[in-house]
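Here is how the chains run, residue by residue.
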Amino acid sequence: MTTARELDERYGRTPRRRLPWMIFGAVAAAAVVALGWTIVAKQMTAVDADDLGFTVVDAHTVELHFQFTAPQGADVACAVEAQDEEFGIVGWKIVEIPGGEHHTKGVAVSIPTVAEATTGLVNACWVT
């Protein structure tokens, strides 16, 4: 009966040929873990903002109500804007909100405008 060692010698199989595949597998696993961690780390500092409503106070002011969800205790900044009926930006403001003990917080902000606005909205929010 032929042994496994004799078959390996006959057909040229050596343990050294497995080493590159093992290294490749380890590098691929490390890359997947690194990619997964970057996605998780980015989501841990993500800020989600939702418009709740707006009120056109006068021709030069819009009051915007919105809420955001951020990591607990994180200081947040939001870019808010007012637009006219042709979606042109007629006013904008950066609002800085100190961190609190809750993940979700409601905010009301007054946006000065250069012309009469027809809407107010949150453009973006981020952790500062």
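Residues numbered from 1 in each chain as written. Predicted model: local features only at pLDDT ≥ 70, side-chain atom pairs only at ≥ 80, totals over all residues. Heavy atoms only, no water.

**Student:** Give me the packing of aromatic side chains: which residues, what numbers.
**Tutor:** Pairs of aromatic rings are described using the distance from one ring centre to the other and the angle between the two planes. Taken as a whole, this structure holds one aromatic pair when the rule is applied. Consider the rings of Trp 21 and Phe 24, whose centres lie 6.2 Å apart with planes at 85°: the pair is edge-to-face. In this pair, Trp 21 and Phe 24 are both assigned in helix 2 (residues 18–44), three residues apart and thus about one turn of the helix distant. Of the two residues examined, Trp 21 and Phe 24, each falls in the exposed class. (Phe/Tyr/Trp six-rings, centres within 6.5 Å; stacked < 30°, edge-to-face > 60°. Helix = DSSP H or I, 4+ residues; strand = E, 2+ residues; numbered from the N terminus. Buried < 20%, exposed > 50% of the residue type's maximum accessible area, 1.4 Å probe, protein only.)

**Student:** Could you give me a rundown of the state of the cysteines, with the residues and numbers involved?
**Tutor:** Scanning the model with the defined rule gives one disulfide in all. Each sulfur in the disulfide pair Cys 78 and Cys 125 lies 2.0 Å from the other. Between Cys 78 and Cys 125, the disulfide has an S-S torsion of 110° and is therefore right-handed. Of the two residues, Cys 78 sits in strand 3 (residues 76–83) while Cys 125 sits in strand 6 (residues 119–127), which places them 47 residues apart along the sequence. (Disulfide = S-S within 2.5 Å.)

**Student:** Any details on the pattern of salt bridges? Residues and values, ideally.
**Tutor:** Tallying each qualifying case throughout the model produces one salt bridge. The salt bridge partner of Glu 9 is Arg 5, with a shortest N-O separation of 3.3 Å. Of this pair, Glu 9 and Arg 5 are both found in helix 1 (residues 4–11), four residues apart, which corresponds to roughly one turn of the helix. (Salt bridge = Lys/Arg side-chain N within 4 Å of Asp/Glu carboxyl O.)

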